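Descriptive structure summary
The lines below spell out each chain.
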Amino acid sequence: MQLEEILPKLTEWFAPEEHKDRTLPGGGRWFYIPHQSITQRLNAVCPGHWHTKVNSTNIAGDYTVVIVELSICGVTRTGIGDDKTFPELNDNGKAKIIGTPPVRAFRSAFKDAAEQFGICAYLDDQKAKRNEFAQYMAKKGDQRANKFITENGWVEQPKEKPEPIGRDSLMKSTKSQLDRLKWTSATEAEYLSKTFGVESRTQLSNNQLSSFLGYLKSLELPINSPKLSSVSSVEVAPLSPPVLDRNLINAEIDSLLKRKNISVKQAQDALDELLGVRSRQHLSDNQLTQFLDYLKSTKEVTTIK
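Residues numbered from 1 in each chain as written. Predicted model: local features only at pLDDT ≥ 70, side-chain atom pairs only at ≥ 80, totals over all residues. Heavy atoms only, no water.

Examining the layout of surface pockets
What counts is decided by this rule: Think of a 1 Å grid over just the protein atoms. A cavity is a set of points where a 1.4 Å probe fits yet cannot get out, a pocket is an open set with protein on both sides within 12 Å along at least five of seven lines, and lining residues have an atom within 4 Å of a point. Grid points are joined across faces, edges and corners, and a volume is the space filled by probe spheres set on the points. Under the scheme used here, helices are H or I runs from DSSP no shorter than 4 residues and strands are E runs no shorter than 2 residues, and both carry numbers assigned from the N terminus. Put simply, Ala, Val, Leu, Ile, Met, Phe, Trp, Tyr, Cys and Pro go in the nonpolar bin, Asp, Glu, Lys and Arg in the charged bin, and everything else, Gly too, in the polar bin.
Taken as a whole, the largest pocket spans an internal volume of roughly 840 Å³. Lining the largest pocket are 22 residues, and of these Arg22, Tyr32, Ile33, Ser108 and Lys111 sit closest to its centre. Counting residues per element, the ones that place at least two in the lining of the largest pocket are β2 (29-32), α2 (35-45), β5 (75-84) and α3 (101-116). In terms of residue count, the dominant contributor to the lining of the largest pocket is α3 (6 residues). When its residues are assigned to classes, the lining of the largest pocket shows 10 nonpolar, 3 polar and 9 charged.

Here we look at the pairing of strand β4 (residues 63-72)
Keep this limit in mind: Burial classes follow relative accessibility: with a 1.4 Å probe on protein chains only, a residue under 20% of its type's maximum area counts as buried, one over 50% as exposed, and anything between as partly exposed. Paired strands are those between which DSSP finds at least two bridges.
For β4, the tally of buried residues reaches 7 of 10 residues, placing the bulk of the element in the interior. Examined bridge by bridge, strand β3 (residues 50-60) and β4 share 10 bridges and lie antiparallel to one another. From the neighbouring strand, Ile59 faces β4, where its bridge partner is Thr64. Counting the residues between successive antiparallel strands, the hairpin from β3 to β4 contains 2 residues, one of them, Gly61, with a positive phi of roughly 65°. Looking at chain direction, β4 and β5 are connected through 10 bridges and run antiparallel. Across the sheet, Val65 pairs through a bridge with Asp82, a residue of β5.

Description of the pairing of β2
Across 4 bridges, the pairing between strand β1 (residues 20-23) and β2 is antiparallel. By the bridge assignment, Asp21 is partnered in β2 with Phe31. Hairpin connection from β1 to β2: 5 residues lie between these consecutive antiparallel strands, with Gly27 at a positive phi of about 100°.

Here's the deal with the environment of Gln177
Here is the rule: In the analysis that follows, any N or O atom pair within 3.5 Å is treated as a polar contact, provided that within protein one partner can donate a hydrogen and the other can accept it, and provided that, for residues neighboring in sequence, both atoms belong to side chains.
Position of Gln177 relative to the elements: it lies in helix α6 (residues 167-181). Spatially, the C-alpha atom of Gln177 lies 7.5 Å from that of Leu213, the residues being 36 residues apart in sequence. In terms of polar contacts, Gln177 uses its side chain to reach the side chain of Arg180, at 2.8 Å.

Digging into empty space enclosed by the protein
Applying the stated criterion across every chain yields a total of 1 cavity of 30 Å³ or more. Lining the largest cavity are Arg29, Phe31, Gln126, Arg130, Phe133, Ala145, Phe148, Ile149, Asn152 and Trp154. Of all the elements in the fold, those that place two or more residues in the lining of the largest cavity are β2, α4 (130-138) and α5 (144-151). With 3 residues, the top contributor of residues to the lining of the largest cavity is α5. Tallied by class, the residues present in the lining of the largest cavity amount to 6 nonpolar, 2 polar and 2 charged.

Re the packing of aromatic side chains
Pairs of aromatic rings are described using the distance from one ring centre to the other and the angle between the two planes. Definition in use: Note on aromatic contacts: the rings of Phe and Tyr and the six-membered ring of Trp form a pair at centre separations within 6.5 Å, being stacked when their planes are under 30 degrees apart, edge-to-face when over 60 apart, and tilted otherwise. The rule is short: NZ of Lys or CZ of Arg within 6 Å of the ring centre and within 35 degrees of the ring normal puts a charge over the ring.
The final tally for this structure, using the stated rule, is 15 aromatic pairs. The interplanar angle of 40° and the centroid separation of 5.2 Å between the aromatic rings of Phe31 and Phe148 together place this pair among those described as tilted. Of this pair, Phe31 sits in strand β2 while Phe148 sits in helix α5; the two residues are 117 residues apart in sequence, bridging distant segments of the chain. Judged by its relative accessible area of 6%, Phe148 falls in the buried class. Residues Phe291 and Tyr294 carry aromatic rings whose centres are separated by 6.3 Å and whose planes lie at 25° to one another, so their mutual orientation is stacked. In this pair, Phe291 and Tyr294 are both assigned in helix α11 (residues 285-297), 3 residues apart and thus about one turn of the helix distant. Geometry around Phe14 places Arg41 over its ring, the cationic atom sitting 3.7 Å from the centre. Here Arg77 stacks its cationic end above the ring of Phe117, 5.1 Å away from the centre of that ring.

Description of the sheet that holds β5
Going by this rule: As a rule, the C-alpha atoms of each element are fitted with a line to give its axis, helices using only the stretch in contact, and angles between N-to-C directions run from 0 to 180 degrees. Contacts were defined at the residue level, with two residues in contact if any of their heavy atoms lie within 4.5 Å.
Here 3 strands make up an open sheet; going across it, the order is β3-β4-β5 and the pairing antiparallel. With one partner strand each, in any of the chains shown, β3 and β5 form the two edges of the open sheet. Going across the sheet, the axis of each strand differs from the next one's by a mean of 20°, ignoring polarity. Along the sheet, α3 contacts β3, β4 and β5; its crossing angle with β5, the most-contacted strand, is approximately 145°.

Examining α11
Counted only if it meets this: The span expected for a helix works out to 1.5 Å for each residue beyond the first.
In this model, α11 (13 residues) spans 19 Å end to end at C-alpha, consistent with the 18 Å of a helix rising 1.5 Å per residue. Regarding α11, the residues found buried are Leu288, Gln290, Phe291, Leu292, Asp293, Tyr294, Leu295 and Ser297. In the core, the buried residues of α11 are packed alongside α6, α8 (206-218), α9 (246-259) and α10 (264-275).

Let's talk about unusual backbone geometry
Trans peptide bonds make up the majority, and among non-glycine residues the majority have a negative phi. The backbone of Cys120 sits at a positive phi, close to 70°, despite the residue not being glycine. For Cys120, the location among the structural elements is in the loop between α3 and α4. On the basis of relative accessibility, which here comes to 10%, the residue Cys120 falls in the buried class. Of note, the phi angle at Asn261 is positive, near 60°, even though the residue is not glycine. The topology assignment puts Asn261 in the loop between α9 and α10.

Structure, rendered in structure tokens:
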């Protein structure tokens, strides 16, 4: 008999009714398999091909420590177990636990060695794989796992949807700038017609809308000031600005991303949606400035996925 042949049977999940549960010191419930069930499985799967050996028994502080070797089909694993040397007593002066400290430490070491073969190792993940484990237990009508998920506070809370970084934010920021500049609907329509060939900002692509927003932010005087009082004075977007220091722009963008809690994934999605790229290195100087303006207009993201 070879260990490789019997290992799948040894490491199978135990039947739901074989799982015992206990209260953890910090609160909450936890499942475990008693040493008797592990012994029964070894006897059923590989009778006569396994044995244990106590390596040492020591007293370490307040604990009795036992080291045990478990051999299965000639392969040996070493486990370490401990138990309080002087257990707590009940009102009648007897120990609150069953079994002497050396025996309890031996059983703990035995289970530790067995787990190194993969036996009961799945119980270490009963929190991370709580839903899978609860479904397994419930198939046989055992609802304890479902109950403990709630009692232990392992219920997943729905994630709040992060504030969108996209068209809605651009539209709000554009409207805010139009109000600041006191542009009339007619003024806006003429500018959009001259610059983009459309009558309404709703007809703009995200890239065009971002460009329009950047242009509005570059204006300091209201459109109805003496110099810009007539609608006919509205011109198309100004020529490209002087050469920018991209390092400074990128540094400001990084600072905004961090300050507004915008993740790398969200920034990439925004770049893709607005400018059709996934990296800032593919942006022109003008586009890089547009992206900076867009980030300045975006509110802080309070929840990040």
